[in-house]
Amino acid sequence: NAGVTQTPKFQVLKTGQSMTLQCAQDMNHEYMSWYRQDPGMGLRLIHYSVGAGITDQGEVPNGYNVSRSTTEDFPLRLLSAAPSQTSVYFCASLGGSGGTQYFGPGTRLLVL
Amino acid sequence: DQQVKQNSPSLSVQEGRISILNCDYTNSMFDYFLWYKKYPAEGPTFLISISSIKDKNEDGRFTVFLNKSAKHLSLHIVPSQPGDSAVYFCAASALAGSGKLIFGQGTTLQVKP
């Protein structure tokens, strides 16, 4: 049971490039989400999904796209990277009796 | 507008003493509160939670207190251990089990041996 996995661990992009941050979970959780963490800002919700085929926006969705074709995977796409998207990105899934969120180890993204 | 605030960026305590981390919120619709712990280069891990119908929840060395009238919660760690050194985030949601969490900025706790 690997929990929540994220790839890559670190990525450098140039402004305008696109990329997809991968997230997968093996706990059969319906709810998954993406957060970004910036210094002094805590974690902020980007997008979330309550199940395959269903996604919705969080606090800071601009510049990001998501889709959910399977229960296991929830990729986050940056269509045209900007320096303001330099951050650490965490994927999470929600499960357990108390509705606990389980976070992945994070992807550190640097946009030049 | 920061709905969940942790006004102390850092806290340093001696091993064996009590650590008290504070968190304030502004949205009266929040009714479920959580604390997460984060080590460098790792994702946050769930520590303890409390529902708005309670004013205290305890789990081993960790106790969370909620004062709804003051919109304030605190995490007490007794006794503090060097392994507790980490960043602590408080988070809030309008519904228990909701994945839509609003996080505070975090407090870095250092426990000195």
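Our subject is the structure listed above.
In what follows, the accompanying structure is described.

What counts as what
- Residues numbered from 1 in each chain as written.
- Chains lettered and ligands numbered in written order.
- Predicted model: local features only at pLDDT ≥ 70, side-chain atom pairs only at ≥ 80, totals over all residues.
- Heavy atoms only, no water.
- Helix = DSSP H or I, 4+ residues; strand = E, 2+ residues; numbered from the N terminus.
- Buried < 20%, exposed > 50% of the residue type's maximum accessible area, 1.4 Å probe, protein only.
- Contact = heavy atoms within 4.5 Å.
- Patch = residues over 30% accessible without salt bridge, like charges linked within 9 Å, V, L, I, M, F, W, Y side chains within 5 Å.
- Areas by Shrake-Rupley, 256 points an atom, 1.4 Å probe, with all protein chains shown as cover.
- Salt bridge = Lys/Arg side-chain N within 4 Å of Asp/Glu carboxyl O.
- Buried area = accessible area lost by both parts, 1.4 Å probe.
- Polar contact = N/O pair within 3.5 Å; in protein donor to acceptor, adjacent residues only side chain to side chain.
- Pairing = 2+ DSSP bridges.

1. Quick notes on the environment of Gln14(B)
Residue and element names in this part refer to chain B.
- Within the element layout of this structure, Gln14 appears in strand S2 (residues 10–14).
- Judged by its relative accessible area of 41%, Gln14 falls in the partly exposed class.
- The spatial distance from the C-alpha of Gln14 to the C-alpha of Gln110 is 8.4 Å, given a sequence separation of 96 residues.
- When near neighbours in sequence (up to four residues on either side) are disregarded, Gln14 contacts Ser80, Val111, Lys112 and Pro113.

2. As for a nonpolar patch on the surface
All names here are of chain A.
- Nonpolar side chains collect at one region of the surface, where Phe10, Val12, Leu110 and Leu112 lie side by side and expose about 360 Å² of accessible area between them.
- One can find Phe10 in strand S2 (residues 10–13).
- You can call Phe10 partly exposed: its relative accessible area is 47%.

3. Things to note about the interface of chain B and chain A
- Each partner contributes to the interface: chain B provides 19 residues, whereas chain A provides 19 residues.
- Where chain B abuts chain A, roughly 1500 Å² becomes buried across the two surfaces, and 60% of that area is made up of carbon and sulfur atoms.
- Sorting the residues of chain B by area buried against chain A places Gly99(B), Lys100(B) and Phe103(B) first, and these three jointly supply 30% of that buried surface.
- Run the count over chain B and chain A and you get 0 salt bridges.
- For the pair chain B and chain A, the interface holds 3 residue pairs in polar contact (both at pLDDT 80 or more).
- When contributions to the side of chain B that touches chain A are tallied by element, the ones reaching two or more residues are strand S4 (32–38) and strand S10 (102–103) of chain B.

4. Section: the environment of Gly60(B)
- Examined against the element boundaries, Gly60(B) turns out to sit in the loop between strand S6 (56–59) and strand S7 (62–67).
- Residues Gly60(B) and Lys37(B), 23 residues apart in the sequence, show an inter-C-alpha distance of 15 Å.

5. Details of the pairing of strand S11 (residues 107–112) of chain B
All names here are of chain B.
- Burial along S11 is one-sided: the face carrying Thr107, Leu109 and Val111 is buried and the face carrying Thr108, Gln110 and Lys112 is not.
- In the sheet, S2 pairs with S11 via 5 bridges, with the strands oriented parallel. Looking at the pairing, Ser12 lines up with Gln110 of S11.

6. Quick word on the pattern of salt bridges
- Considering all chains together, one arrives at 5 salt bridges over all chains under this definition.
- Close ionic contact of Lys37(B) with Asp84(B) constitutes a salt bridge, the shortest N to O distance being 3.9 Å. With Lys37(B) in strand S4 and Asp84(B) in the loop between strand S8 (72–77) and strand S9 (86–93), the pair connects residues that are 47 residues apart, well separated along the chain.
- Residue classification places Asp84(B) among the buried positions, given a relative accessible area of 2%.
- For Arg61(B), the salt bridge goes to Asp84(B), with nearest N and O atoms at 2.8 Å. One end of the pair, Arg61(B), is in the loop between S6 and S7; the other, Asp84(B), is in the loop between S8 and S9, with 23 residues separating them in the sequence.
- Look at Arg61(B) and you get partly exposed, because its relative accessible area is 21%.
- One network of salt bridges, with partners in common, ties together Arg36(A), Asp38(A) and Arg44(A).

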